[in-house]
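Survey of secondary and tertiary structure
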Amino acid sequence: VVSTQSTGNYFIQTNLRMKLLTHNMLKSHCKGVVNGFPLKITSNQVDVKEIEFNPDFISRMLSRLDWTVFVQSANLLGVGEGLPDMLPEDQDFDDEDVLKKIHHALLEVEVIEGELECPETGRKFPISKGIPDLRLNEDEK
Amino acid sequence: SSGINAEYGAGHANGIGRSDVVALLDNHLDPAKYKLHFPPDKQFSLLFTDDICSDLLQQIDTTQIKNNCLYCAFISETISFDSFAEVRPPGLQLVMECVERDVEEQLMNMFLSHSENTAQEDLKNRITLHYGYKFDYKTNSVDLSSPLDEPIPACVQEIISKLAPHITITPNQLTVNIYQPGQGIPKHVDTHSIFTSEILSLSLGSDVLMDFKNPETGVILPVLIPARSLTVMSGESRYLWHHGITPRKTDALMDVTRRELRISLTLRECTPEPCTCAYPSQCDSQNYGKPDFSVHNEQDAAAIEREYVGDVYEKIADHFSSTRHTTWPGVVRFINSLPRHSVLVDVGCGNGKYLGVRDDVLFIGNDNSYNLCSICRDRGREVFACNALSIPLRACTCDAVICIAMLHHITTPERRKVVLQNLAQLLRPGGLCLVTVWAQEQHLDMNNSKEESVCPCPTDSTEEGVGRRHFTDQDVFVDWKKDRSLYYRYYHVFLEGELDGLIRQLDNVEIVEVTYEKANWCAVFRKTC
């Protein structure tokens, strides 16, 4: 489902769902987990919302991302085409075509329904109506 | 034929009293054969009679009272006059004409002369005298270990013994209130713990309208207290309903009456026994129905946070969100100071009112309440649900973190420190965090001026329309009313220095600024490495 949202601003969003940018920051906090990153995405419903492209923002974000995880997740959701396997060392990366592809995968693709799975324990956290519920139960704390 | 007649132009709102209309009707109708009701604040009155005749109608239609032209109309609905009978709160009893007029005058003169010889407290509204025990307006109670030299006067004791059939208590405390026309007393419940099951009040000198308000339903009932009557409050009217007298010079119920000088004798029985009534929400012996704060271990702490924070917010989410729409300048200032394209995480974002304050910053919110997250999502915000004691985000990924009015819901200093550690962990080196919490001292930025007592710019600690609070303890339960339900939310209110003291226990941050703004302590800290 593709819907267009024409905006004058970068981050005005409606019916926002979980973006890959957020996924890149989330990690598992199950008890005893050593490395809970990344959470594995299984998704049966994805949407696309057009967001105005801002090359400066995307460039700045590159250094924060775990690039490998981002590319893996993008491929999982079918939007990884054209993303380089590795980021170039050059800090002033400005190939606009590639930046646009990164922008699309990072901000415009949204997971509506699905699950996030802890890589070590297998514990599944639901995403419903776009809200990942990462609360632990009493006995998991 | 029977009829109910509305007489237009002849209502209290026209400044017309019962006696004016009665004077008109008595020429045509036997007073025993009609009833007259004045609905409050209307421009008409209702006449109930079986005896309508055309002469009367014609007479009314050509009459003016106080420059109001009158006319009549029949009402086709069936209403009963009895439906307008005065409704009273349960347990309220009035005994009329308890003293003769001469005795009334003697009593009033006696107390007036006592008042001239007695020093007065600075009570703005009225003169008070005490016998038996002194009533202390600061504690709203009585010190049983210090009886007064003056007992209840013998002449008053005599009246009380004559009224024995109507009374069950043995009063040992008398408070006399002298009301000039225009004076009143704010609504209150008589303290449960010190006074027993009945409160007696003998009213001298003037009729007055007393208002009774049910604090749970909000219903207000005006009750006419005639001169020389004894009011006996028991049951609900003593333990639940608040009663008070509006400061004004006239009362309008069935008729418009001017107030005269009035002296009330409130007779109560004092007891050291705690109160065990069925109305804990008003009862000081039962801590006003509030839970006790006792935390002995992590399970207790988590249980209070679940029952008196987490669960409550899930239930009140929509209602809560509707009272939280004003952004607070201090927080907006912090957000606006951040560089463009910053990533900001709002921990405990509530209804997301700060998410999206700037278009060139990426906001991600989280909250422990799924229902509040839903409200954020409906507004198009990026949000996930989690508990601040364990935040599932990678370390060092944020340029900034805000934690507004959330830390004060955590029940122990150790757990509050864990939350602060979690906030610090999210920040990249050099990143900034703003934390705000309710202050125990609620008035540090006010000059004691009355105008400022209702905060003009509502913050989370002054719910819109409610003034600032008064906290005697640091661990408190604060009410939230939604429809007819009452919920308690747990708060730990902070002393000066307490928040920054906690932050200094972290080893990877430095404090940038600590301020007090509108009853909140606010701290900004920076991640050093």
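Since the model is a prediction, treat every value here as computed from it, not as a measurement. (Residues numbered from 1 in each chain as written. Chains lettered and ligands numbered in written order. Predicted model: local features only at pLDDT ≥ 70, side-chain atom pairs only at ≥ 80, totals over all residues. Heavy atoms only, no water.)

**Observations regarding the overall build of chain B**
Rules: Helix and strand assignments follow DSSP, with helices taken as H or I runs no shorter than four residues and strands as E runs no shorter than two, numbered in order from the N terminus. Only heavy atoms matter for contacts: two residues are in contact if any of them lie within 4.5 Å across the pair. Using a 1.4 Å probe, the Shrake-Rupley method yields the accessible areas, and only the shown protein chains count as cover for residues.
Helix and strand content of chain B: 10 helices and 29 strands. When contacts within chain B are restricted to residue pairs at least 6 apart in sequence, long-range pairs at least 24 apart make up 69% of them. Taken as a whole, chain B presents about 24100 Å² of accessible surface, with 49% of it coming from carbon and sulfur.

**Digging into helix 3 (residues 67-76) of chain A**
Put simply, the rule reads: Here the term buried applies to any residue with accessible area under 20% of the maximum for its type, exposed to any over 50%, and partly exposed to those in between, with areas from a 1.4 Å probe on protein chains only.
Residues Trp67(A), Val69(A), Phe70(A), Val71(A), Ser73(A) and Ala74(A) constitute the buried set of helix 3 of chain A. Where helix 3 of chain A is buried, its residues meet helix 1 (20-25), strand 3 (40-49), helix 2 (55-62) and helix 4 (96-108) of chain A.

**A word on the pattern of salt bridges**
Short version of the rule: Whenever a carboxyl oxygen of Asp or Glu lies within 4 Å of a side-chain nitrogen of Lys or Arg, that contact is scored as a salt bridge.
As enumerated under the stated definition, the model contains 23 salt bridges over all chains in all. Across the pair Glu314(B) and Arg135(A) runs a salt bridge whose closest N-O atoms are separated by 3.2 Å. Of this pair, Glu314(B) sits in helix 6 (residues 298-322) while Arg135(A) sits in the segment after strand 6 (131-132), each in a different chain. A salt bridge links Asp500(B) to Arg504(B); the shortest N-O distance between them is 3.5 Å.

**Overview of unusual backbone geometry**
Geometrically, the link from Phe37(A) to Pro38(A) is a cis peptide bond, its omega value of -5° lying close to zero. Structurally, Pro38(A) can be placed in the loop between helix 1 and strand 3. Phi is positive for Asn287(B), which is not a glycine, with a value near 55°. Looking at where Asn287(B) falls in the secondary structure, it is placed in the loop between strand 20 (262-268) and helix 6. A residue is classified by how much of its surface remains accessible, and Asn287(B), at 35% relative accessible area, is partly exposed. For Tyr288(B), which is not a glycine, the phi torsion comes out positive at approximately 55°. Within the element layout of this structure, Tyr288(B) appears in the loop between strand 20 and helix 6.

**Details of the nonpolar core**
Just so we agree on the cut-off: Throughout this description, the term nonpolar core refers to a set of buried Ala, Val, Leu, Ile, Met, Phe, Trp, Tyr and Cys residues connected via side-chain atoms within 4.5 Å.
The biggest cluster of nonpolar side chains holds 74 residues, and the ones touching the most others in it are Leu423(B), Val435(B) and Phe525(B). No other element matches helix 4 of chain A, which puts 6 residues into this core.

**Some details on the interface of chain A and chain B**
Quick note on the threshold: In short, buried area is how much 1.4 Å probe accessible area vanishes from two parts on joining, totalled over both. A 3.5 Å cut-off defines polar contacts: any pair of N or O atoms within that distance qualifies, except that in protein one atom must be a possible hydrogen donor and the other a possible acceptor, and neighbouring residues in sequence count only when both atoms are side-chain atoms.
Tallying the contact residues gives 38 residues for chain A and 35 residues for chain B. Here chain A packs against chain B, burying approximately 3100 Å² in sum over the two surfaces, 54% of which is carbon and sulfur. When the area that chain A buries against chain B is broken down by residue, the three leading residues are Met25(A), Ile131(A) and Arg135(A), summing to 24%. Taken together, the links from chain A to chain B amount to 13 residue pairs in polar contact (both at pLDDT 80 or more). Sorting the residues of the side of chain A that touches chain B by element identifies strand 2 (18-19), helix 1, helix 2 and strand 6 of chain A as the ones contributing at least two each.

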